[in-house]
Amino acid sequence: MIDAFDFRPLVKPRRIAVVGVSLTNDRHPANVIYNKIRLRYPVPVHAVNPRGGRYLRDPVYANFEEIPETPDLAVIAVRAESVPEVLAQCIRRGVGGAVIVSGGFAESGRPDLQERIASMGREAGFPFIGPNCLGVYAPGRFDTFFLPGERLVRPEPGGVGFVSQSGGVLVDQMVKFSAQGLGLSLAVSIGNKALVREIDLLRHFAADPETRVIAFYVEGFGRNEGRAFVEAAAAAGKPVVVLKAGKTAAGRRAVGSHTASLAGDHRVFSDALAQFGIVEAHDEFELTCFCESLSHYPRAIEGRVGVVTVSGGHGALATDILSGLGLEVPALSAALQAEIREGLGANVRPIASLGNPVDLTGSSTDEDFLAALSALGKSSEVDCILLLLLPYSPGISADLGARLSEVHRQSGKPLVAYVPHVEKYRILIEGFELNRIPVASSVDGAAFMVEAMRRCRPC
Amino acid sequence: MPAMLDGEREQLWERARADGWIPEPEALRLLEAAGVPVVRHGFARSLEEAQAAARRIGFPVVAKVVSPAILHKSDVGGVETAVADPAGLSAAWTRLSRLEGFTGALIAERLAGLELIFGAKIDAQFGPVILFGLGGTAVEIYRDVVTRLAPLRERDVASMVCCLRGARLLTGFRGCAAVSLPKLTAALLAFSRLVMEIAERIEAIDLNPVFCTAERCVVADARILPAPIP
């Protein structure tokens, strides 16, 4: 863990050098990275290869001294043995940081080489990501992934800062975030995390105004590193979501101790997250739902949910799922029910059932939703509203999302919607999402979005 | 009981590292000195000492073998849970004295109440961790436990209680009185302070069972495993 790294060159470089660009092999990772930055991003990029020469009419610099202007960021994709020399050049030239894509370090029996570059970085105050990683994806600015752009699903700029120990999980999670319409402030694959580790990026994201939720995929921490991480996450002032995989091999088990046998690595990890108000996701689906929800609603709720639906069946299904998660769907008071009923249209008033779930029936119109959500928004009987919207009814207009968002902004009470994600409902969905109301593509997804808000407080 | 002298304490840890655990009488003393309530007990090296301890504590008593060779006492018949009178104690003494490595017996008050477990371990990723849950011999069957990073704060205790599936056993259920939350909190916080103090020296601790009632929370059995020699 490093106190004083300046991450600006790593996340907002004004000039990039890609080291290892091959003059003969277009599919070399360095070439893929060089080409994508050169062709698709606004930032100037230079190719470096000790042999010099030209690549596709562009100059190839033999070393960092030859580059006319100092790059902020070096992307290094050379053989592991050559990495220390490249790092030394970067440090001499005053480069601000590096992404080391190359493998061949601790993961393949060379911890010595990894320790050597880590201590070079530490001594020079030179931050680098990796080695053995995909590096950084900064939407609209640049990325260092050695994967052709056309093969990636690329989320828009947005509020999620994501850090992954696995490059593969990161790329796949970008697909899931995109499908949810969830944007990224920055995504980082940290690979062997020789120097820059989760906690460093946690601190960066905590201070970054573009990031609203900080998410992690973690396989394991080093000695006592977990404690420092949860303490820093609790102090971040933003929701932190963690997806933890695997059970790390964390030392030997004490023979004959109940405690050592019961308090396994995963139990301790999971309980520590809860203790510090960090939201644990159990799978990629939860991770996506939690990030979506918490990027809109960073405050914790107790979890008393008002369910509003056009279909009795969906109301019952949602209630089952919410109860299974330990959330409450409290019966509404007679006074609140009367207030809701008063606001309903003449068609719906006699047939709606308002006990919670509030079933407005298939005859409902925009005005009925506005009346129900307005009353629930003002009431202290629920602290969150789940709207199950099956837009089959002709009384529901494309403007509903925008109109409900105004009601929601008046009360400030979190509102989560479920709308089936098919193309013909896109305009309705965008009416919610562009007005900052999260929309789930399934009933359980919507329930998880509510659950996220309950989990983001210390247990 | 007087607090341990520093020199005595050093000897205790040194012997424990060689044996693999701290003998129960010393483990109970360590806890008591740290303010963790422990069962009224006496360590007896002879039947006469045992009878005197039992008279002092009052029958019925529990008699447990003390032996550096026996970690799991109940597995080898090393715990006599219902010693009713002096004759019973003589018979129990005879049985216990035949067990491997017998150095004496711990004579203790017979307790009732809800059986809980307090535990501690040094986790590789998180350092000292406190475990709490429903205890007794079936602790590894039900696995109804929860952990928190040490040191515990007062509010951690309430949150651990409500995280248990069996929380209602502690908060009152069908005529069973609730256990005293203030006594439970005091015992757990004292335990947590001790764990922080000796974190460098231990690998794991089991206090199981800890008997809790509406009046008190008392440790009845203690197992302290020292950190392996580096």
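Residues numbered from 1 in each chain as written. Chains lettered and ligands numbered in written order. Predicted model: local features only at pLDDT ≥ 70, side-chain atom pairs only at ≥ 80, totals over all residues. Heavy atoms only, no water.

We now examine the interface of chain B and chain A. How big an interface is tends to be stated in terms of the accessible area lost upon association of its parts. With 37 residues of chain B in contact, the opposing surface of chain A contributes 34 residues. Contact between chain B and chain A buries roughly 3,000 Å² in total, counting both sides, with carbon and sulfur atoms accounting for 52%. Linking chain B with chain A are zero salt bridges. Linking chain B with chain A are 21 residue pairs in polar contact (both at pLDDT 80 or more). Broken down by secondary-structure element, the contributors of at least two residues to the side of chain B that touches chain A are β5 (114-123), β6 (127-134), α5 (139-142), β7 (145-149), α6 (154-163), β8 (202-212) and β10 (222-226) of chain B. Each residue belonging to the side of chain B that touches chain A can be placed in one class, and the counts come to 19 nonpolar, seven polar and 11 charged. (Contact = heavy atoms within 4.5 Å. Buried area = accessible area lost by both parts, 1.4 Å probe. Salt bridge = Lys/Arg side-chain N within 4 Å of Asp/Glu carboxyl O. Polar contact = N/O pair within 3.5 Å; in protein donor to acceptor, adjacent residues only side chain to side chain. Helix = DSSP H or I, 4+ residues; strand = E, 2+ residues; numbered from the N terminus. Nonpolar A, V, L, I, M, F, W, Y, C, P; charged D, E, K, R; others polar.)

Turning our attention to the sheet that holds strand β15 (residues 305-309) of chain A. Residues and elements named next belong to chain A. Ordered by their spatial adjacency, five strands build an open sheet running β16-β15-β17-β18-β19, and the pairing between neighbours is parallel. One side of each edge strand has no neighbouring strand; the edge strands of this open sheet are β16 (358-359) and β19 (439-440). Bridge analysis of β15 against strand β17 (residues 384-388) gives five bridges, and the strand direction is parallel. From the neighbouring strand, valine 308 faces β17, where its bridge partner is leucine 387. (Pairing = 2+ DSSP bridges.)

In this section: the confidence of the model for chain A. Chain-level statistics for chain A give a pLDDT mean of 93 and a share of 97% at 70 or above. Every residue in residues 248-252 of chain A scores below 50 in pLDDT, and together they form eight contacts with partners more than four places removed in sequence or on other chains. (pLDDT = per-residue confidence, 0-100.)

Enumeration over the complete set of coordinates arrives at 13 aromatic pairs over all chains. Residues A:Phe269 and B:Phe126 carry aromatic rings whose centres are separated by 5.5 Å and whose planes lie at 85 degrees to one another, so their mutual orientation is edge-to-face. Of the two residues, A:Phe269 sits in helix α9 (residues 265-275) while B:Phe126 sits in the loop between β5 and β6, which places them in two different chains. The residues A:Phe269 and B:Phe126 share a single accessibility class, namely buried. Ring geometry for B:Trp93 and B:Phe102: centres 5.3 Å apart, planes at 85 degrees, overall edge-to-face. Note on B:Phe102: relative accessible area 21%, which makes it partly exposed. What links up through ring pairs into an aromatic cluster is the set A:Phe216, A:Phe221, A:Phe229, A:Phe269 and B:Phe126. Against the face of A:Phe269 rests A:Lys244, its NZ or CZ located 5.1 Å from the ring centre. (Phe/Tyr/Trp six-rings, centres within 6.5 Å; stacked < 30°, edge-to-face > 60°. Buried < 20%, exposed > 50% of the residue type's maximum accessible area, 1.4 Å probe, protein only. Lys NZ or Arg CZ within 6 Å of the ring centre and 35° of its normal.)

Within the structure shown, the criterion is met by one disulfide over all chains. The thiol of A:Cys90 is not disulfide-bonded; the next cysteine sulfur, from A:Cys133, is found 14 Å away. By relative accessible area, A:Cys90 is classed as buried at 0%. Residue B:Cys162 stays outside any disulfide, its sulfur separated by 5.2 Å from that of B:Cys163, the closest cysteine. In this structure B:Cys162 comes out as exposed when scored by relative accessible area, which is 57%. (Disulfide = S-S within 2.5 Å.)

Residues and elements named next belong to chain A. Examined at the domain level, chain A breaks down into domain 1 (8-295) and domain 2 (300-446). Taken over C-alpha atoms, the centre of domain 1 sits 40 Å from the centre of domain 2. Of all residues in domain 1, the largest losses of buried area upon contact with domain 2 belong to Gln180, Phe285 and Glu292, amounting jointly to 57% of the total for that side. Here domain 1 and domain 2 share zero salt bridges between them. Here domain 1 and domain 2 share two residue pairs in polar contact (both at pLDDT 80 or more) between them. It is helix α10 (residues 284-296) that contributes the most residues to the side of domain 1 that touches domain 2, four residues altogether. (Domains from an automatic or database assignment.)

The predicted coordinates of low-pLDDT regions are not to be read in fine detail. Residues of chain B with pLDDT of at least 70 account for 98%, and the chain-wide mean is 93. The element-level mean pLDDT for chain B is lowest in helix α1 (residues 6-19) of chain B, coming to 85, with strand β9 (residues 217-219) of chain B highest at 98.

This part is about the sheet that holds strand β1 (residues 41-44) of chain B. Sheet strands pair by backbone hydrogen bonding; their relative direction is either parallel or antiparallel. Residue and element names in this part refer to chain B. Here we have four strands laid out as an open sheet, ordered β1-β4-β2-β3, and antiparallel in their pairing. Edge positions in the sheet fall to β1 and β3 (79-83), since each of these pairs with one other strand and no more. Sheet twist, expressed as the average angle between the axes of neighbouring strands with direction ignored, equals 20 degrees. Seen against the sheet, helix α3 (residues 47-57) touches β1, β2 (61-66) and β4 (104-109) and runs at an angle of roughly 170 degrees to β1. (Axes fitted to C-alpha atoms, helices over the stretch in contact; angles between N-to-C directions.)

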